[in-house]
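As a plain string of letters, each chain reads:
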Amino acid sequence: MQDRLIRAICKDAAVKCTAVSTTQLVERARNIHKTLPLATAALGRALSGASMMGRELKDQDGSVTLQFKGDGPLGTITAVADCEGNVRGYLQNPAAELPLKPDGHLDVGSGVGRGYLMVIKDIGVGEPFTGTTVLHNGEIAEDLTKYFAESEQIPSAAALGVLVDTNQSVKQAGGYLVQLLPGATDEEITRLENNIAAAGGMTTMMERGLSLEEIVRTVLDGFSVEFLEEVPIEYRCGCSHSKVTRALISLGKDELTRLRDEEDGIEVTCQFCDKVYNLSHEDIDVLLTAATAREIE
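In this report, we go over the structure that sits alongside the text. What you see as residue numbers is a count from 1 along each chain, following the sequence as written. Side-chain atom pairs in this predicted model are given and counted only at pLDDT of 80 or more, local residue features only at pLDDT of at least 70, and totals for whole chains, interfaces and linings cover all residues. Based on all heavy atoms of the structure, the side-chain values leave hydrogens and waters out of the count.

**Quick word on the overall build of the protein**
And then number 1: On a plain count of helices and strands, the protein comes out with 10 helices and 12 strands.
And then number 2: C-alpha atoms define the radius of gyration, and 2.2 Å times the number of residues to the power 0.38 defines the globule rule. A compact globule built from 297 residues would reach a C-alpha radius of gyration of about 19 Å, and the protein, at 21 Å, matches this within 12%.
And then number 3: Its C-alpha atoms give the protein principal-axis dimensions of about 70 × 45 × 35 Å.
And then number 4: Any two residues whose heavy atoms approach within 4.5 Å at even a single point are treated as in contact. Sequence separation of at least 24 residues holds for 65% of the intrachain contacts in the protein that already meet a minimum separation of 6.
And then number 5: Areas reported here follow the Shrake-Rupley algorithm with a probe of radius 1.4 Å; residue values treat only the protein chains shown as occluding. With an accessible surface of roughly 14300 Å², the protein has 49% of that area assigned to carbon and sulfur atoms.
And then number 6: The sign given to each residue is positive for Lys and Arg and negative for Asp and Glu; His and the chain ends receive no count. By convention, the charge on Lys lies at NZ, on Arg at CZ, on Asp at CG and on Glu at CD. On the protein, the mean spot of the 28 positive side-chain charges and the mean spot of the 45 negative ones are 2 Å from each other. Helix numbers and strand numbers start at the N terminus; a helix is a DSSP run of H or I with at least 4 residues, a strand a run of E with at least 2.

Written out as structure tokens, the structure is:
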């Protein structure tokens, strides 16, 4: 089934909610990066969170980048979303492993470790907005909740889940993000907190067969819910040969000259999709000419 994102708002309360099903795109990320279960869960949660945040952007050329920089064995985790909610990402150590927690769940918090979360919002014009918060516990969802409260002053609750099957494939993945709008009352907040506590985990609800709409109605039980949109989402990398060549030209004349003289061509691998771009000596000469012309200008 196609991954998708839905957005809803409460007609009788100052509450909005976004939810995503990301099973297919997280499985694609697993196949690209050859992640073991701990890394699959961590990267999958980050991708789901980024997707929901990306869809909030107003600019067609905008993007949101999440970087979880912890001292755990997973290393830095990066997830990037466009304004349509499509995502791509990678992490430093896809083969990291840790013992399961006592409840049998993957120990994502220890895998991420202590550190900070950096959120970069690029709306296509001007300097990107950057917000940084200390990681709450490395579990991704709670870290995003803390970021919204501290950097954007938006009371929020995020739930993110990745259920890995016995064959290490992704069985279920998704998440939701509930946010309070100005004017939310104490009664509405209490009702929402009780709903979230009673709902259970995201993948638990997905395993029970609940649709995204049913999950949103469960979280927003007792409110009048209006669904605003539904869009398909996917793992999408925007790399290309032209982008690779532009990046190499930006290295400058001296570095390109060194590469031409010391290397037998250049092999560039995209961090997001592992696609390989090979450039010959002749290709490097063309780039060197362009870099030289740029420096003269």
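The rest of the description comes next.
**Here's the deal with the sheet that holds strand S7 (residues 129-134)**
And then number 1: Strand order across the open sheet formed by five strands is S5-S4-S3-S6-S7, with antiparallel pairing between neighbours. Only two strands of the sheet have a single partner each, and these edge strands are strand S5 (87-91) and S7. Here the strands of the sheet are splayed against their neighbours by 10° on average, with no regard to which way each runs.
And then number 2: Here strand S3 (residues 63-70) pairs with strand S4 (residues 77-82) via six bridges, running antiparallel. Note that in S4 the partner of Leu66 across the bridge is Ala79. When DSSP finds two or more bridges between two strands, those strands count as paired. The axes used here are C-alpha line fits, helices contributing only the stretch in contact, and every angle between their N-to-C directions lies in the interval 0 to 180 degrees.

**Notes on the pairing of S3**
And then number 1: Three labels apply to residues, based on accessible area from a 1.4 Å probe with only protein chains included: buried if under 20% of the type maximum, exposed if over 50%, partly exposed otherwise in between. Buried residues dominate S3, accounting for six of its eight residues.
And then number 2: Between S3 and S4, which pair antiparallel in sequence order, lie six residues; one of them, Gly75, sits at a positive phi of approximately 75°.
And then number 3: Of the pairings in the sheet, the one linking S3 to strand S6 (residues 115-122) comprises eight bridges and is antiparallel in character. Directly across from Lys69, in S6, lies its bridge partner Tyr116.

**A look at unusual backbone geometry**
And then number 1: Its identity is not glycine, yet Gln153 carries a phi of approximately 55°, on the positive side.
And then number 2: Within the secondary structure layout, Gln153 lies in the loop between helix H4 (141-151) and strand S8 (156-164).
And then number 3: The class of Gln153 is exposed, set by a relative accessible area of 56%.
And then number 4: For Asp274, which is not glycine, the phi dihedral falls at a positive 65°.
And then number 5: If you trace the backbone, Asp274 turns up in the loop between strand S11 (266-269) and strand S12 (276-279).
And then number 6: Residue classification places Asp274 among the partly exposed positions, given a relative accessible area of 36%.

**Considering helix H8 (residues 241-249)**
And then number 1: Restricting attention to buried positions, one finds in H8 the residues Val244, Thr245, Leu248 and Ile249. Down the axis of H8, the sector holding all buried residues measures 135°, keeping them to one side. In this context, the arc is that of the directions from the helix axis out to the C-beta atoms.

**Considering the nonpolar core**
And then number 1: Grouped together as the largest cluster of nonpolar side chains are 53 residues, with contacts concentrated most on Leu47, Met53, Leu66, Phe68, Leu74, Ile77 and Leu117.
And then number 2: If you tally residues by element for this core, the top one is helix H2 (residues 37-54), at 10 residues.
And then number 3: Buried Ala, Val, Leu, Ile, Met, Phe, Trp, Tyr and Cys residues form a nonpolar core when they are joined through side-chain atoms within 4.5 Å. Residues Ile6, Ala199, Met205 and Val219 belong to the second largest nonpolar core, which totals 24 residues.

**Examining the packing of aromatic side chains**
Given two aromatic rings, their pairing is described by the distance between the two centres and the angle made by the two planes.
And then number 1: Any two rings among Phe, Tyr and Trp, with Trp reduced to its six-membered ring, count as a pair given centres within 6.5 Å; such a pair is stacked if its planes are under 30 degrees apart, edge-to-face if over 60, and tilted if neither. On inspection of all chains with the given rule, the structure shows two aromatic pairs.
And then number 2: Taken together, a centroid distance of 5.1 Å and an interplanar angle of 75° make the contact between Tyr90 and Phe272 edge-to-face. Residue Tyr90 is found in strand S5, and its partner Phe272 is found in the loop between S11 and S12; the two are separated by 182 residues along the sequence. The residues Tyr90 and Phe272 share a single accessibility class, namely buried.
And then number 3: By definition here, charges over rings are those cases where NZ of Lys or CZ of Arg is within 6 Å of the ring centre and within 35 degrees of the ring normal. The cationic tip of Arg191 hangs over the ring face of Phe223; the distance from NZ or CZ to the ring centre is 4.8 Å.

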